[in-house]
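Letter by letter, the chains look like this.
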Amino acid sequence: MLTARCLSDDTLAHLEAAGHVCVLKDAFDFESPSEIANLILAENCEAALALHLYRGGRLLQGHRIPFGVIFGGTDVNEDANQAEKNTVMGRVLEEARFAVAFTESMKEMAQAQWKARQISLAVTSAVPVQPHAKGKIYVQSQGIATTPNAAFNWNTFLQRSEINQSADNLHIFLLICGLRQVKDPLYLVDAFSAWHQEEPNVHLVIVGPEVDPVFTREVKAKVKRAAGVRLIGEMPQEDLHAVVKNCFAVVNSSVSEGMSAAILEAMDLEVPVLARNIPGNAAMVKHEVTGLLFSNPQEFVHLAKRLVSDPALEKEIVVNGREYVRMYHSWQVERDTYQQLIRKLEGSTED
């Protein structure tokens, strides 16, 4: 059996459905390649699949097991701009048997980044340099399948969030993210809090795991002082999907995104999306068609108010968003792609 280290419960399910035995681990749990070596030995791993070219991929180098990588977004958008990380990621890409990008633009960015590095190395070295990315990068958008918990109690969730108002009169905006700086969960807090003081029935609820302990303390302190803003910890996926289905709109305020699953899941659950206008979000959200894009907190509030007061716009966005996910983010297509790619990790390099 092939043992793989993979990025998500869905990807895990795709591989297990093909008969592979999988172990899912978080790259943040490992500080050095030696810890990965111990895991490989203990679990008898035959291959690996890592999310994020730097954070996950660098840990897999030199272990003599074949691996593939999936670009996370910040690796290409942010980390590639740092020379040391760029060099490490180029070496990872060279060793990987395949890489997956969520979009054509992400693939093009990666090819441009490591083609440039290849040219630079070729100029300074007499030894022929092999292309890092040529023929290795495949485009596969995230497949989406939502499973909201039918028994989930929305009123209990509101009480837990300390929102003591009638559910019928509320507009809950939901921001789903791990608490780390790249997700920028505080970006809208001041503007939203000011809006809440004008209209007490609007609330912003931030849901997600405490990824960065130092930044988490900053978020908690800020939210504690912000009227109309609440912070909830990580939730089981089915419960989170139920929360999305019950909320008024899902918000994304990230500085950088590869492809936000929260946005796609909201579309699938027929909930409108307001997203920060960055390349990763704009690749999925067409303004006033599949969602609304904002460039600053003031524009967010303006668009949110418009959405609250315009049921026709809300309905149009919801219908278009659901159709977009159905057409371009098929869970079955994603499964077929990963089951085919994982075969590249079987056998020797020459196979």
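Nothing here was measured: the structure is a model prediction, and the numbers come from that model. (Residues numbered from 1 in each chain as written. Predicted model: local features only at pLDDT ≥ 70, side-chain atom pairs only at ≥ 80, totals over all residues. Heavy atoms only, no water.)

### Re the overall build of the chain
The test is simple: Runs of E in the DSSP output that reach at least two residues are strands. Runs of H or I that reach at least four are helices, and both are numbered from the N terminus. Throughout, the radius of gyration refers to the C-alpha atoms, and the reference size of a globule is 2.2 Å times the residue count to the power 0.38. For every residue, the accessible area (1.4 Å probe, protein chains only) is compared with the maximum for its type, and the residue is labelled buried under 20%, exposed over 50%, or partly exposed between those bounds. Residue exposure ignores everything except the shown protein chains as possible cover, and the areas themselves are Shrake-Rupley values with a 1.4 Å probe. Charge counting follows a simple rule: Lys and Arg are positive, Asp and Glu are negative, and His as well as the terminal groups are ignored. We put the charge of a Lys on NZ, of an Arg on CZ, of an Asp on CG and of a Glu on CD.
Counting secondary structure elements, the chain contains 14 helices and 12 strands. Over its C-alpha trace the chain gives a radius of gyration of 21 Å, about what one expects of a compact globule, namely 20 Å for 351 residues. If you line up the chain on its principal axes, its C-alpha atoms span 65 × 45 × 40 Å. Sorting the 351 residues of the chain into buried and exposed places 52% on the buried side. Only carbon and sulfur atoms are counted for the fraction: they give 48% of the accessible area of the chain, which is about 16,500 Å². Each charge sign in the chain was given a centre, from 33 positive and 44 negative side chains, and these centres are 4 Å apart.

### A short note on the packing of helix H7 (residues 189-198) against helix H12 (residues 297-309)
This is how it is decided: Fitted lines through C-alpha atoms serve as axes, helices being fitted only where they are in contact, and the angles separating the N-to-C directions of these axes extend from 0 to 180 degrees. Just so you know how the angles are binned, under 35 degrees is roughly parallel, over 145 roughly antiparallel, 65 to 115 roughly perpendicular, and the rest oblique. In this scheme, a crossing is called left-handed if the near helix is turned counterclockwise away from the far one by less than a right angle; it is called right-handed if the turn is clockwise. By the convention used here, residues are in contact when the closest approach between their heavy atoms is within 4.5 Å. In the scheme used here, Gly and all other residues not listed as nonpolar or charged are polar, with Ala, Val, Leu, Ile, Met, Phe, Trp, Tyr, Cys and Pro taken as nonpolar and Asp, Glu, Lys and Arg as charged.
Running from N to C, H7 and H12 cross one another at 40 degrees; their axes reach a closest spacing of 9 Å. The orientation of H7 relative to H12 falls into the category oblique. Where H7 crosses over H12, the two elements pack in a sense that is right-handed. Note on element contacts: H12 touches H7 through Pro 297, Phe 300, Val 301, Ala 304, Lys 305 and Val 308, opposite Ala 191, Phe 192, Trp 195 and Glu 198. Grouping the constituent residues of the contact of H7 with H12 by class yields eight nonpolar, no polar and two charged.

### Re the sheet that holds strand E3 (residues 48-51)
This is how it is decided: Paired strands, in this sense, are two strands between which DSSP finds at least two bridges.
The parallel open sheet is built from four strands, whose spatial order is E3-E4-E5-E6. What marks the edges here is a single partner per strand, and that holds for E3 and strand E6 (137-139). Pairs of neighbouring strands in the sheet enclose a mean axial angle of 25 degrees, with direction left out of account. Here strand E4 (residues 67-70) pairs with strand E5 (residues 98-101) via three bridges, running parallel. Residue pairing in the sheet places Gly 68 in a bridge with Phe 98 of E5. Sitting on the sheet, helix H14 (residues 331-341) is in contact with E3, E4, E5 and E6, with an inclination near 165 degrees to E5.

### Some thoughts on the pairing of strand E10 (residues 249-252)
Across a regular strand the side chains alternate sides, sitting on one face of the sheet and then on the other. Our working rule: When the strands point away from the viewer, a crossover counts as right-handed if the path from the first strand over the helix to the second runs clockwise.
The side-chain alternation of E10 yields two buried faces, one formed by Ala 249 and Val 251 and the other by Val 250 and Asn 252. Taken together, the three bridges between E10 and strand E11 (residues 273-276) define a ladder with parallel strand orientation. Within E11, the position partnered with Val 251 by the bridge is Leu 274. Handedness of the crossover is the feature at issue here: the chain leaves E10, passes through helix H10 (residues 261-268), returns alongside E11, and the resulting connection is right-handed.

### As for the sheet that holds strand E9 (residues 229-232)
Taken in spatial order, the six strands of this open sheet run E9-E8-E7-E10-E11-E12, and their pairing is parallel. Of all strands in the sheet, those with a lone pairing partner are E9 and strand E12 (292-294), marking the two edges. Each strand axis lies, on average, 25 degrees off the axis of its neighbour in the sheet, ignoring direction. In this sheet, strand E8 (residues 202-207) lies alongside strand E7 (residues 171-176) in parallel orientation, the contact comprising six bridges. What sits directly across from His 171, in E8, is Val 202. Against the sheet, H7 contacts E7, E8 and E9, and its axis sits at roughly 150 degrees relative to E8. Across the sheet, H10 lies against E7, E10 and E11, angled at about 160 degrees from E11, the strand it touches most.

### Considerations on the UniProt feature "domain: Glycosyl transferase family" (unreviewed entry) in the chain
What counts, and what does not: UniProt positions are given in the numbering used here, feature names are shortened, and annotations may be inferred rather than shown by experiment.
Sequence positions flagged by UniProt for "domain: Glycosyl transferase family" (unreviewed entry) are, in local numbering, residues 164-323. Secondary structure content for residues 164-323 is 44% helix and 17% strand, while the C-alpha to C-alpha distance between its ends is 35 Å.

### Here's the deal with the domain arrangement of the chain
Put simply, the rule reads: Domain limits in this description derive from either an automatic procedure or a database domain assignment. Summed over both partners, the accessible area lost on bringing two parts together, with a 1.4 Å probe, is the buried area. Salt bridges are defined as contacts in which a side-chain nitrogen from Lys or Arg sits within 4 Å of a carboxyl oxygen from Asp or Glu.
Its domain assignment divides the chain into domain 1 (2-143 + 332-345) and domain 2 (154-328). On a C-alpha basis, the centres of domain 1 and domain 2 stand 30 Å from each other. Listed per partner, the contact involves 12 residues of domain 1 and 12 residues of domain 2. Carbon and sulfur atoms make up 53% of the area that domain 1 and domain 2 hide from each other, which totals about 870 Å². Remark: the boundary between domain 1 and domain 2 carries zero salt bridges.

### Considering the environment of Phe 30
In this structure, Phe 30 sits in the loop between strand E2 (21-22) and helix H2 (33-43). The class of Phe 30 is buried, set by a relative accessible area of 13%. Between the C-alpha atoms of Phe 30 and Arg 55, which are 25 residues apart in sequence, the distance is 9.8 Å.

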